[in-house]
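# Analysis of the macromolecular model
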Protein chains: 10
Amino acid sequence: MLFLVRMDVSLPHDMPPAVADDIKSREKAYAQDLQRSGKWVHLYRVVGEYANYSVFDVESNDELHGLLSSLPLFPYMKIKVTPLARHPSSIA
Amino acid sequence: MLFLVRMDVSLPHDMPPAVADDIKSREKAYAQDLQRSGKWVHLYRVVGEYANYSVFDVESNDELHGLLSSLPLFPYMKIKVTPLARHPSSIA
Amino acid sequence: MLFLVRMDVSLPHDMPPAVADDIKSREKAYAQDLQRSGKWVHLYRVVGEYANYSVFDVESNDELHGLLSSLPLFPYMKIKVTPLARHPSSIA
Amino acid sequence: MLFLVRMDVSLPHDMPPAVADDIKSREKAYAQDLQRSGKWVHLYRVVGEYANYSVFDVESNDELHGLLSSLPLFPYMKIKVTPLARHPSSIA
Amino acid sequence: MLFLVRMDVSLPHDMPPAVADDIKSREKAYAQDLQRSGKWVHLYRVVGEYANYSVFDVESNDELHGLLSSLPLFPYMKIKVTPLARHPSSIA
Amino acid sequence: MLFLVRMDVSLPHDMPPAVADDIKSREKAYAQDLQRSGKWVHLYRVVGEYANYSVFDVESNDELHGLLSSLPLFPYMKIKVTPLARHPSSIA
Amino acid sequence: MLFLVRMDVSLPHDMPPAVADDIKSREKAYAQDLQRSGKWVHLYRVVGEYANYSVFDVESNDELHGLLSSLPLFPYMKIKVTPLARHPSSIA
Amino acid sequence: MLFLVRMDVSLPHDMPPAVADDIKSREKAYAQDLQRSGKWVHLYRVVGEYANYSVFDVESNDELHGLLSSLPLFPYMKIKVTPLARHPSSIA
Amino acid sequence: MLFLVRMDVSLPHDMPPAVADDIKSREKAYAQDLQRSGKWVHLYRVVGEYANYSVFDVESNDELHGLLSSLPLFPYMKIKVTPLARHPSSIA
Amino acid sequence: MLFLVRMDVSLPHDMPPAVADDIKSREKAYAQDLQRSGKWVHLYRVVGEYANYSVFDVESNDELHGLLSSLPLFPYMKIKVTPLARHPSSIA
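No experiment lies behind these values; they were computed from the predicted model shown.

So, about the overall build of chain A. Counting its secondary structure elements, chain A contains two helices and four strands. Listing every helix and strand of chain A by position from the N terminus yields β-α-β-β-α-β. Put simply, chain A has 92 residues, and 55% of those count as buried. Residue pairs at least 24 apart in sequence account for 66% of intrachain contacts in chain A once pairs closer than 6 positions are excluded. Carbon and sulfur atoms form 56% of the exposed surface of chain A, whose accessible area is close to 4000 Å². Taking the 10 positively charged and 11 negatively charged side chains of chain A as two groups, their mean positions are separated by 5 Å.

Chain G puts seven residues into the contact, and the matching count from chain H is ten residues. Between chain G and chain H, roughly 680 Å² of surface is buried when both sides are summed, and carbon and sulfur atoms account for 67% of that area. The largest share of the area that chain G buries against chain H comes from H13(G), V47(G) and G48(G), three residues that together contribute 77% of it. At the junction of chain G and chain H, the tally comes to zero salt bridges. In this structure, the connection of chain G to chain H is made through one residue pair in polar contact (both at pLDDT 80 or more).

Below, the discussion takes up the side chain of Q32(D). If you trace the backbone, Q32(D) turns up in helix α1 (residues 17–37). Setting aside residues no more than four positions away along its own chain, Q32(D) makes contact with P88(C), S89(C), S90(C) and I91(C).

This next bit is on the relation of the copies chain G and chain H. Of the two same-sequence chains, chain G is brought onto chain H (RMSD 0.0 Å, axial shift 0.0 Å) by a rotation of 72 degrees. One copy is carried onto the other by what is essentially a five-fold rotation axis.

So, about the interface of chain B and chain A. The parts lose accessible area when they come together, and the size of an interface is often stated as this lost area. Taken residue by residue, the interface counts 27 residues in chain B and 27 residues in chain A. Interface area, chain B with chain A, both sides summed: about 2500 Å², of which 65% is carbon and sulfur. At the boundary of chain B with chain A, the tally comes to zero salt bridges. Broken down by secondary-structure element, the contributors of at least two residues to the side of chain B that touches chain A are β1 (2–9), α1 (17–37), β2 (40–46), β3 (51–57) and β4 (77–86) of chain B. Partitioned by chemical class, the residues of the side of chain B that touches chain A number 15 nonpolar, eight polar and four charged. Sheet topology note: the strand β2 (residues 40–46) of chain A/β4(B) ladder contains three bridges and is antiparallel. When the bridges of β4(B) are listed, R45(A) appears paired with A85(B).

Once that is clear, we can look at the relation of the copies chain B and chain A. Here the two chain copies are tied together by a rotation about an axis and a shift along that axis. Rotating chain B by 180 degrees and translating it 0.0 Å along the rotation axis places it on chain A, where the RMSD comes to 0.0 Å. Taken together, the rotation angle and the small translation identify this as a two-fold axis. With an isologous cut-off of 70% or more, the 100% of interface residues of chain B that recur at the interface of chain A puts this contact in the isologous class.

Per the UniProt record, the feature "domain: Muconolactone isomerase" (unreviewed entry) sits at residues 1–89 of chain A. Between the C-alpha atoms that bound residues 1–89 of chain A there is a distance of 18 Å. The span itself is 34% helix and 36% strand.

Criteria and cut-off values
- Residues numbered from 1 in each chain as written.
- Chains lettered and ligands numbered in written order.
- Predicted model: local features only at pLDDT ≥ 70, side-chain atom pairs only at ≥ 80, totals over all residues.
- Heavy atoms only, no water.
- Helix = DSSP H or I, 4+ residues; strand = E, 2+ residues; numbered from the N terminus.
- Buried < 20%, exposed > 50% of the residue type's maximum accessible area, 1.4 Å probe, protein only.
- Contact = heavy atoms within 4.5 Å.
- Areas by Shrake-Rupley, 256 points an atom, 1.4 Å probe, with all protein chains shown as cover.
- Lys, Arg positive; Asp, Glu negative; His and termini not counted.
- Charge placed at Lys NZ, Arg CZ, Asp CG, Glu CD.
- Buried area = accessible area lost by both parts, 1.4 Å probe.
- Salt bridge = Lys/Arg side-chain N within 4 Å of Asp/Glu carboxyl O.
- Polar contact = N/O pair within 3.5 Å; in protein donor to acceptor, adjacent residues only side chain to side chain.
- Least-squares fit on C-alpha atoms with pLDDT ≥ 70 in both.
- Nonpolar A, V, L, I, M, F, W, Y, C, P; charged D, E, K, R; others polar.
- Pairing = 2+ DSSP bridges.
- UniProt positions renumbered as here; feature names shortened; annotations may be inferred.

Here it is, written out as structure tokens:
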């Protein structure tokens, strides 16, 4: 089941760089694990913004919330979730 | 080069059904041609809305505008285009 | 799987009353069937507005879109879907 | 009398974890008491967001404001209240 | 129980004047009855706009929706309802 | 001359409680004086929010601004003022 | 007493030109009378838009509403009124 | 003196094609004259939308309004004007 | 050449009063100089808000930006500039 | 390939002036290099705001994101990117 997810990140300006780097590297590892697992299907950078559009493929809303709320950057994110369905014109 | 495109469709209520059906079938054929050509990479229905999120893969802005403005439903669409770049955490 | 759905209805002012009444009665029958089936779990009127908040319990996004897009009033509705997950403080 | 309530929580980033945990646990206890009392009828997590949609069943506006403003997390919440009425198509 | 209600009216430009006048006079009669009954407590014109802010005193959400949806101008109104509670600094 | 005024209050989280309490008590005293003087005609709490809707009866815009900008909580308020006129259907 | 008023005009596309011209000429005459009377103090065109910003000097909200709602173009206008007070730095 | 101007065009769906084509061709001729005159400095199509971003170089606000309000498509346009100044980092 | 300028001021709550007072007094002196020079034509307080609407009369966009960006309060202001043109109904 | 980019800058009020000046001078040098390289085609100051509108000419979305995210002021910017295409009426 597919969901489009927009994530906008804003880290506090006074966060020590080392702390920020640690969170980002944990975030990257976490995101790459989920991509390898097939849950995180697409991950695109929004040009010019510290934001991404992603597509997730999950079994349920609860699973999706679990995945998103476990993102290391979650406390610093504004997330918008749009449920997707099969389009009648799609050939996929 | 990837772009996320949101398309919201609103047909006039007083459009004769036959006219609407004709436009929709031409739209479907056009969309499926572009998918087969690889230009229209993803096409998802937004749950509950006469709208879609799509990902296009094109060579230039001009090409994308040409494809979108040739959509049979174009005159009845509100379209929003978001340019996408490669995300540093993407494994694609 | 639960979704919160807001539906705002606006019928064209020049729609003949008989046509409007027919759509509304089919809408009511359809809504009551879905409630009896357990799909449409809650249906509330927004005070002062020709709108409702509903909670649907479905197996997938596609099923939800099928149910919503089959609403007789669908062409005259603005619909917003919010996926819901289990709240850690919920005792339900 | 039913009200739909959306609560968006944002805790200051520099709040000591222990303080945050204390507020959250008092919040959980408070929410579960109200659910057991029948006042807090539904409590759903908004997927991907530190937010919930709830339905309250109270005797008056004043009672609802009392319940909401006593939430331990109230100072860190943005709350939106929508009064609900019985929908003519509801079979509840 | 008090509610603040904002009503914005927009009549179709092509509505025959006689029809419009009829609705307006029924609206006025209806509004004055409700004021005399004590339900419609305050009725103010928003300066420069075909809109009003009103305060209703009713027993329940359902009663308020009944009163509002029976307004002759209801089909041509955008209505926003804000539930009010007693303010701790009010001397009323 | 009547004005509808919405006031949304947000105190800094790191304001010492004693300071906050002092401002609030001066605010309450000030608000009650103005109510007794007839200037502050209605004061309602917006359910679920640290906000109020009020109606002021003043001689001029300047007087209203003087009253509002002297509120002890003024530096922590977002205020929206809507001038009101007599509604043709009002029986007041 | 001063008010800033923004007026956005949108005439129906299918309004016969003669009707539109008549309303506009009555609007111009009305506006110039009010300027000569000192009520309509400033009248500026918003560059690129069928809109104006004006400053009115009136005795009361009711007077202002009377003047604005009598504008021949009033039914085709979206109007926003902002009450103005004397600025402490103004030398006027 | 430079201004950024965004123009969004929406023609009525029921406008006869011949009428629309006539307006568009007059619009094109007018736009090309202004470009040749140096007034209309840049004209870009917004990808996916019946809209453009343009830069005008004019002597005054009044001149700009005259140019914009004379656009054949002006009655069908939503226009937003942003005055531009020289940027301290610009090498132009 | 006239411009309408809206300025919303928000000073940091933790700014030492002496610093704030110094900026405000320099702001007042600066504003009064510009009014005496004829550049700052009108300066009105928005009732209930730490904001003003002003009208500037300048020779160019660049001059206006220079004047505005030199405001002592500029770093604490949200400014919106609307270019104004002569209204065909104005008798000024 | 052209993109319109709006950049709104907001530096933390408590940033030491020396730090701010350093970032700004690096920003200026970076911006002027890109202008000399032809990538940053136009750079305009938005009158009255710490913001600019720019036009970039790049080979791809990825290149644009690389250029923008390398701006020294990037962490303090809100950026909005609009892809541009050739306008059929443009004579450029």
